[in-house]
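Now for the letters of each chain:
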Amino acid sequence: MRTLVRLNYAARFGLLSESVSRQSAAAAKGKAILKTMGLFLLFLGTIAAFFAPVVSSAADKAIYYWVSHGSPTDPVWTYFLQGAEQWGKDTGNDVRTSFHSGDVPSQQEAVRAAISAKARGIVTSTPDPGSLTKVIADAHAAGIPVIIMNTEDKTSGRDAYVGGDNVAIGHRWAQYLVDHNFVKKGDFVWMPVEVPGATYQTLETQGIDTVFKPLGVTYEITEAKLDQAEIITRMSDYLTANHSKIKAIIGLGDLVTGSIKRVFDQVKVKAGEIPVVGWGNSTDTAQEVLDGYVNAAMWQDPQATSYLALSIAAMTASGIPPGFDVSVGTLYEKDKAATYLKIMEGSAHK
Amino acid sequence: MAEELVRMEHINKFFGRVQALNDVTLSVRRNEIVGLLGDNGAGKSTLIKILSGAIRADSGDIYIDGGKVDIRNTTDAIAQGIETIYQDSALVTQLSIARNLFLGREPVKGPRLLDRLDQNAMNEVARRLLKQVGITKEIPPTTPISALSGGERQAVAIARAMHFESNLIILDEPTNNLGVDETKGVLRFVRSARDSGHSCIFIAHNIYHVFQVVDRIVVLRRGKKVADDIDPKQTTIEAVESIITGMTITPP
Amino acid sequence: MRDGTLISFLRSLIARPEFGPFVLLIGEIVAFTMRSPAFLSAGNISNSLAFTPELGMIALGMTLLMISGEFDLSVGSVFGFAPIVMWTFYNAHITSLEVGFLIAMAIAAVTGFVNGWLVTRLKIPSFLVTLGMLLVVRGIALYITSGFPQRTWAANSPLMAIIVGEFSIGELRIHTSLLWFILFAIILGYVLTQSKVGNWIQAAGGNPEAARARGVRVSRTKILLFILTAVLSAYAGVTSSIRVSAANPNSGTQYELEVIAMVVIGGTALTGGRGTIIGTVIGVLILRMMRNGIVLIGVPGLAYNIFIGAIILGMMALHSWLERRHHAGT
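Please read all numbers here as calculations on a predicted model, not as lab measurements.

Moving on, we get to the overall build of chain A. Per the secondary structure count, chain A includes 14 helices and twelve strands. Considering chain A as a whole, with its 350 residues, one finds that 47% of them fall into the buried category.

Time to look at helix α12 (residues 283-291) of chain A. Along α12 of chain A, the positions that sit buried rather than exposed are D284, T285, A286, E288 and V289 of chain A. With its phi angle positive at about 90 degrees, G292 of chain A sits one or two positions after the end of α12 of chain A.

Another aspect to go through is the sheet that holds strand β5 (residues 67-69) of chain B. Residues and elements named next belong to chain B. Spatial ordering of the open sheet is given by β2-β1-β4-β5, a layout of four strands whose pairing is antiparallel. The sheet is open, and its two borders are formed by β2 (18-29) and β5, each paired with just one other strand. Ignoring which end each strand starts from, the neighbouring axes of this sheet average 25 degrees apart. Bridge count between strand β4 (residues 59-64) and β5: three bridges; the pairing is antiparallel. Bridge pairing in β5 links I64 to G67.

Right, let's talk about the environment of A174 of chain A for a bit. Within the secondary structure, A174 of chain A sits in helix α7 (residues 166-179). Look past the residues within four positions of A174 of chain A in its chain and what remains in contact with it is G207, I208, V211 and F212 of chain A.

Bringing the confidence of the model for chain A into the picture now. Looking at chain A, the pLDDT average stands at 85 and 82% of residues meet or exceed 70. Across residues 53-58 of chain A, confidence stays below pLDDT 50; counting only partners more than four residues off in sequence or on other chains, it has four contacts.

For the rest of this paragraph, the subject is the environment of E241 of chain B. Position of E241 of chain B relative to the elements: it lies in helix α8 (residues 237-245). Sequence spacing of E241 of chain B and G38 of chain B is 203 residues, and the spatial spacing of their C-alpha atoms is 8.9 Å.

Residues and elements named next belong to chain A. One open sheet holds the six strands; their spatial order is β2-β1-β3-β4-β5-β11, and the pairing between them is parallel. Looking at the sheet topology across the chains shown, the edges are occupied by β2 (94-99) and β11 (326-328). Going from strand to strand, the sheet's axes swing by 15 degrees on average, the running direction of each strand aside. In the packing of helix α5 (residues 104-116) onto the sheet, the strands contacted are β1 (63-68), β2 and β3 (121-124), and the crossing angle to β1 comes to about 175 degrees.

Residues and elements named next belong to chain C. With 26 residues, helix α3 (residues 42-67) should reach 38 Å at 1.5 Å per residue; the first-to-last C-alpha distance of 35 Å fits that figure. Taking the largest bend as the criterion, α3 deviates by roughly 35 degrees, centred on P53. Burial of α3 is extensive: 23 of the 26 residues sit out of reach of the surface. Positive backbone phi, at 100 degrees, marks G69, one or two positions downstream of α3.

So, on to the packing of helix α4 (residues 75-91) of chain A against helix α13 (residues 302-317) of chain A. Residues and elements named next belong to chain A. Interaxial distance between α4 and α13 falls to 7 Å at its minimum, and their mutual angle equals 40 degrees. If you check the angle between α4 and α13, you find them oblique. The handedness of the crossing between α4 and α13 is right-handed. Contact residues: α4 offers V76, Y79, F80, Q82, G83, A84, Q86 and W87, while α13 offers P302, Q303, A304, T305, S306, Y307, L310 and S311. Classifying every residue of the contact of α4 with α13 by side-chain character gives nine nonpolar, seven polar and no charged.

Basis of the calculations
- Residues numbered from 1 in each chain as written.
- Chains lettered and ligands numbered in written order.
- Predicted model: local features only at pLDDT ≥ 70, side-chain atom pairs only at ≥ 80, totals over all residues.
- Helix = DSSP H or I, 4+ residues; strand = E, 2+ residues; numbered from the N terminus.
- Buried ≥ 20, exposed ≤ 12 C-beta atoms within 10 Å, placed from the backbone.
- Pairing = 2+ DSSP bridges.
- Axes fitted to C-alpha atoms, helices over the stretch in contact; angles between N-to-C directions.
- Contact = placed C-beta atoms within 7 Å.
- pLDDT = per-residue confidence, 0-100.
- Expected span 1.5 Å × (residues − 1).
- Bend = angle between axes of the 7 residues up to and from the residue.
- Parallel < 35°, antiparallel > 145°, perpendicular 65-115°, else oblique.
- Left-handed = near helix turned anticlockwise from the far one by under 90°.
- Nonpolar A, V, L, I, M, F, W, Y, C, P; charged D, E, K, R; others polar.

What follows is the structure, encoded as structure tokens:
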């Protein structure tokens, strides 16, 4: 009696349709379910076979993990990824990449996965200051070097840093303006930025100060925000109001520097009328340099950053400790702008 | 003569400018099945919705056991012992028979803090009730409602109404979507409900069904009551049909 | 009976709605391990089980809420906001960590109450209400921090060890958050299947009109579930902030979608009325292991989402097919 009550749903259907006898209906349904499960397991087995290693073993190639805190939809990170993939191709090593869109727990989990997989080296970028310290310690305990790229964290214990030094970059911009006689003592410089107070802005300003303060050059930092349309509006307003006193412009972010042409056109300022330097990681800015709106733009060498970071990781893993960091950043002018434009447009068409 | 259980007096209801019910008085005695007949738009559903608390009348009174009551919502109606069986049985299809039977009034065992369902008690009572409403098949009370046929679902709904000692069970067109066998089952349940002490109001289009179970027929036409106290045993279907459609002769 | 009890037991096991997801979980583990044996290493299991409880706790609350027929899209924002509240109070020396924790939980409860009230009283669909709440809470978090993360590593309180302390069993490193997750799962599983309230939850999702007609306090039940979900999200957020040493106002972004995916993969119907805690736990493991495994074996970073999406779609197809067979007998 008990077993009757414990029949499953399929058997119950057999029970309630009044025609067929209880047992054969239950058996038929049971068979159908088992057949289904068999097909399902076969399907899973096929997937598993797909995942099985094709070559003898993965132990031949060294495995490196490249873990980015950025978003896969961010076009700038695409260049970084290219550099990592190129390195993998050139060296024959297995480079495993992932993006974490700012999700710290997810990124820490990825680095720990790399440790479990006995990676030869790990390259990663910092999402929040202090968030990588523990995982880097774990990696070191397992004998795996960790190189930080692009967003630095000095106290994290990383083996080396490859990326831009925003202080140095700010210094280079300011020095460029001085070297080319675009600014002199007493002049005023406009410095628009998307998010005032953000780390990148404060560091860049520190570098700029080392050049401008002793020279007595003054400046103003204005907020442009992150929305393209709003950036153009705010910058146009400011330029209109202060046109006469601005002697040079430093674009402290990619979006503002990439908006210079549109802002100048809107306020009827001619290309080259006011010298401009700033970030140059977008096709907009590269084009502006070619067209004469921007004098010099800073390319953050994304592919080189990844490539070098992985190389340093490999070097460290081989027992050669890196006693240095690598500071990247190429200030390109009109003559080199086409190269960078091609790089950026090339990846768009890939 | 059995005493009066429910009395609706001088009920009026307007929907906008349309008068759905016009001075309707209806009474139901204890242990009685009343058939409420009428064509489309006669007002049967409206009248019954007022009694079950789904709508409020514009004017008129309701008396239960001689005392006046105010039924503002379905909870009030249930509190007065009036249960309504709708076409879709108001059952939760994903839950089992036992869980549906006791929905809202689940028995608990053990410390109150744990709020633990007494599933053994629920299943026992469910089994008993299913037999009572005439389901002879062995359907485990843990079967989900989704596995039951339309007629069986109605049976569960009726069993629920019967178990919770409702005085009046209203069945609003319960056989509409059912097959022949299932309809017979529902009619059987209705009779056994009356036999175990509940009164019923049975609304239908289909006179043939009504004739098989009710003790008394009331006819509504265009919002007005046009006939009462019709004994199905002493009249014919044709006679009642003519009342529904419009001849004003009261049969003998 | 010719069928042995073993066979009928196996059959009843196969018929359970959690069986499909369970098979998928096993298949997934097998596939990943074949590709990289490190997947099942003690280190990686410890790693997997570190983050899982945080999303898992939210999923538990979301399960009950979805069974009752409602969604909560604001869980990710609450996840990020609660630790901001706690750490802001602590870092500004206004209160101790413990009191900051209680304040954060209280604010979460209020958030849940507002969600529930707007849904049940004003009859606005929960999708819209919690979408608005998602924006409001996230906005407040960003505003009060100006986008900057709160420091969390200067603190030293027993509360931290209780919530997410680390200890070892052999080679496995376990966090206490895993134990809390298991405890919550057991409690909520009990509530759902064995208690009176559990019956109401399922009825409220399956046929709210019928439930109301039987006197079930549907609105009150739903409000309680919104509060539960918000508090669990806040608790999970605090857990995460302590464990990863970061309290970022953007934490938890898009977690709501991942949690809903976990719950649905585990067998809870999007339309309500049906679902199990065991299924959700399996769904949590499926998605979390998928994410961990994909990174481990080296699926190209940009193709990541394809795999996650494919598995979600695949499970949905399986569920709907099983659902149709289940109803075939009616």
